Structures are given as structure tokens and as C-alpha cells.
Amino acid sequence: MVGTGVLLVLAAGVRNGGTLLVVRQPLEGPDAIVSLASHEWERLPATARLARENPAASIILTLPEPVTIYNCHDCGGRIGRLQHLGIPPNRVHILPLTSPGTYGEALAVLAFTSRTPIKRLLIVTTPYHTRRSLAAFRSVFAGSGVEIGVEPADSSPARPTSWWATPYDRAYVTYEWAATAYYMVRYHVTWGN
């Protein structure tokens, strides 16, 4: 009987493995909108939409070092893509990273915001990346006085309720769960951050 209960809990966890990763934390009137590097085809349209809705907000793009197809698919074309979507280049700030990954992005953005009047920061990222991004940024920004929100890219092909059905979703969900465990161990970042 206990074995059946454990199996049911595990099955429910697997079934909801995609939806548990996706969060939306709205933030009215952000001072800045940060589009995390990579997956530009998903993230930049949402970033541009939010930038048009919040014309006073600065746009922040992070720049990994070194740039690869795995950490920034179209780094060189991002400003052009945003401009094509109606966002003038003078609103965009590019922040070079000194540490890798999402945690490194949070560190770079914190350093930038400490030199600016930014107090409300909205993260735009791929749906499956939202929960870990929000937790990492909240951990890094703890005590800074900067309010953090997150918005999942609405042009994503992600299908969280049936994540097991496509190679994209299976790969991304598996990766995010592994990355979440790594962040808990390496950076002590938890979903409660």
C-alpha cells in the first residue's frame, strides 16, 4: 500500500514536472526589463512587448563570456531584433558577465543596478527557466531593496502540461530540474528565495 502511494506521488510529480518550473511574478511599472541571454527567438518578442508597455524602462541584455551557440544563440543580432520590434537602441544596456550562467547574470545585473536608480526589475526568460531565474535573482538581490518580477516568454513553444510529448520540452524540463538541483547545492538558491 505504501509503495502504491509513493508511486502515485512520483507519477503526479513527473506529470507536473513542466508546470512546476513555470512561474509568473508580475511587476507593475518596472524601471528595467532584463532579457536573459540565449533563446532570443522566445525572449526578445516578450521583452519588446513589455518595453513598449513600459516606455520608461531600460532594457538590459546580458553578454556571456565566451559567447557560444549554447549560451547566446544570436548575441550579435539582439539589438537589431529589438529595433525591428520597435525598441530604440538607446534604451538597451549590454552587461558583460564575469561569472557564468543565470547566477552570473544576476550578479552582473546587481552590479549595474547598484549604480542606477533601478528599484523594480522584471526578468524575461523562457517559461521553464522562470522559477530558477526568479530564485537566483532574489537570492543575489536579497537586501538590495530592488523588487524582482519574472515574465515567461509568451512566444515559446513550451507546453508545460504535456512536457513529455516533445523533444524540446523533455530536454528543457530535464535540464532545468538538474540545474535547479545544482543551484541548490552550488549557490544555496532555493525556490523560497
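No experiment lies behind these values; they were computed from the predicted model shown.

S.K.: What should I look at first to understand the overall build of the protein in this one?
M.R.: Helices and strands together make up the secondary structure of the protein, namely 6 helices and 5 strands. Going residue by residue from the N terminus, the α and β elements of the protein occur as α-β-α-β-α-β-α-β-α-β-α. Scaling as 2.2 N^0.38, a compact globule of 193 residues should have a C-alpha radius of gyration of about 16 Å, and the protein matches this with 17 Å. With respect to the three principal axes, the spread of C-alpha positions in the protein is 65 × 35 × 35 Å. Expressed as a percentage of its 193 residues, the buried residues of the protein come to 45%. Contacts spanning at least 24 positions in sequence make up 80% of the contacts within the protein whose residues lie at least 6 apart. Surface exposure of the protein reaches about 9500 Å², of which carbon and sulfur atoms provide 62%. The averaged location of the 13 negative side-chain charges in the protein is 3 Å from the averaged location of its 17 positive side-chain charges.

S.K.: What's the story with the nonpolar core in this structure? I'm lost.
M.R.: Among the nonpolar cores identified, the biggest contains 25 residues, and Val34, Ile60, Val109, Leu121, Phe137, Phe141 and Ile148 are the most heavily contacted of them. Elements with a minimum of two residues in this core: β1 (32-35), α4 (101-113), β4 (120-125), α5 (130-140) and β5 (147-152). When residues of this core are assigned to their parent elements, the largest contribution, 5 residues, is made by α5. Filtering out sequence-adjacent residues up to four positions away, Val109 remains in contact with Val34, Ile60, Thr62, Leu95, Leu121, Phe137 and Phe141. Counting 16 residues, the second-largest nonpolar core is a separate cluster that includes Ala57, Ile59, Leu82 and Ile87.

S.K.: Can you walk me through the sheet that holds β1 in this structure?
M.R.: Whether parallel or antiparallel, the strands of a sheet pair through hydrogen bonds between backbone atoms. In space, the 5 strands of this open sheet follow the order β3-β2-β1-β4-β5, with parallel pairing throughout. Single-partner strands in this sheet number two, and they are β3 (92-96) and β5. Between one strand axis and the next, the sheet turns by 25 degrees as a mean value, whatever way the strands run. Sheet topology places β1 next to strand β2 (residues 58-63); 4 bridges connect them, and they run parallel. Paired with Ser35 across the bridge in β2 is Leu61.

S.K.: What is the right way to read helix α2 (residues 40-53) from this model?
M.R.: Because an α-helix packs 3.6 residues into every turn, residues spaced three or four apart end up facing the same way. Counted at 1.5 Å a residue, the expected span for α2 with its 14 residues is 20 Å, and the 19 Å between its end C-alpha atoms agrees. The complete set of buried residues in α2 reads Glu40, Glu42, Arg43, Leu44, Ala46, Thr47, Ala48, Leu50 and Ala51. Tucked inside the fold, the buried residues of α2 contact β1, β2, α3 (78-84), β4, β5 and α6 (167-186).

S.K.: Sorry, what's going on with a nonpolar patch on the surface here?
M.R.: There is a patch of nonpolar side chains on the surface, built from Leu20, Trp177, Met184, Val185 and Trp191 and spanning about 450 Å² of accessible area. Structurally, the position occupied by Trp177 is in helix α6. Residue Trp177 is classed as partly exposed on the basis of its relative accessible area of 31%.

S.K.: For this particular structure, what's the right way to read the pairing of β3?
M.R.: Sheet topology places β2 next to β3; 5 bridges connect them, and they run parallel. Note that in β3 the partner of Ile60 across the bridge is His93. The parallel pair β2 and β3 is bridged by α3, and the resulting crossover is right-handed.

S.K.: Please clarify how unusual backbone geometry should be interpreted in this entry.
M.R.: Glycine aside, residues mostly have negative phi, and peptide bonds are mostly found in the trans state. Geometrically, the link from Glu65 to Pro66 is a cis peptide bond, its omega value of 0 degrees lying close to zero. Mapped onto the elements of the fold, Pro66 is located in the loop between β2 and α3. Located in the positive-phi region is Ser38, a residue other than glycine, with phi close to 85 degrees. Along the chain, Ser38 turns up in the loop between β1 and α2.

S.K.: Mind showing me how you'd approach the packing of aromatic side chains here?
M.R.: The geometry of an aromatic ring pair comes down to the distance between the two centres and the angle between the two planes. Under the defined criterion, the tally for this structure stands at 9 aromatic pairs. Here Phe137 and Phe141 contribute two aromatic rings whose centre-to-centre distance is 5.9 Å and whose plane-to-plane angle is 15 degrees, an arrangement assigned as stacked. Pair check on accessibility: Phe137 and Phe141 agree, each one buried. Ring centres 5.0 Å apart and planes at 70 degrees place the aromatic pair Tyr183 and Tyr187 in the edge-to-face group.

Analysis parameters
- Residues numbered from 1 in each chain as written.
- Predicted model: local features only at pLDDT ≥ 70, side-chain atom pairs only at ≥ 80, totals over all residues.
- Heavy atoms only, no water.
- Helix = DSSP H or I, 4+ residues; strand = E, 2+ residues; numbered from the N terminus.
- Rg over C-alpha atoms; globule rule 2.2 N^0.38 Å.
- Buried < 20%, exposed > 50% of the residue type's maximum accessible area, 1.4 Å probe, protein only.
- Contact = heavy atoms within 4.5 Å.
- Areas by Shrake-Rupley, 256 points an atom, 1.4 Å probe, with all protein chains shown as cover.
- Lys, Arg positive; Asp, Glu negative; His and termini not counted.
- Charge placed at Lys NZ, Arg CZ, Asp CG, Glu CD.
- Core = buried A, V, L, I, M, F, W, Y, C linked by side-chain atoms within 4.5 Å.
- Pairing = 2+ DSSP bridges.
- Axes fitted to C-alpha atoms, helices over the stretch in contact; angles between N-to-C directions.
- Expected span 1.5 Å × (residues − 1).
- Patch = residues over 30% accessible without salt bridge, like charges linked within 9 Å, V, L, I, M, F, W, Y side chains within 5 Å.
- Salt bridge = Lys/Arg side-chain N within 4 Å of Asp/Glu carboxyl O.
- Right-handed = clockwise from strand over helix to strand, strands pointing away.
- Phe/Tyr/Trp six-rings, centres within 6.5 Å; stacked < 30°, edge-to-face > 60°.

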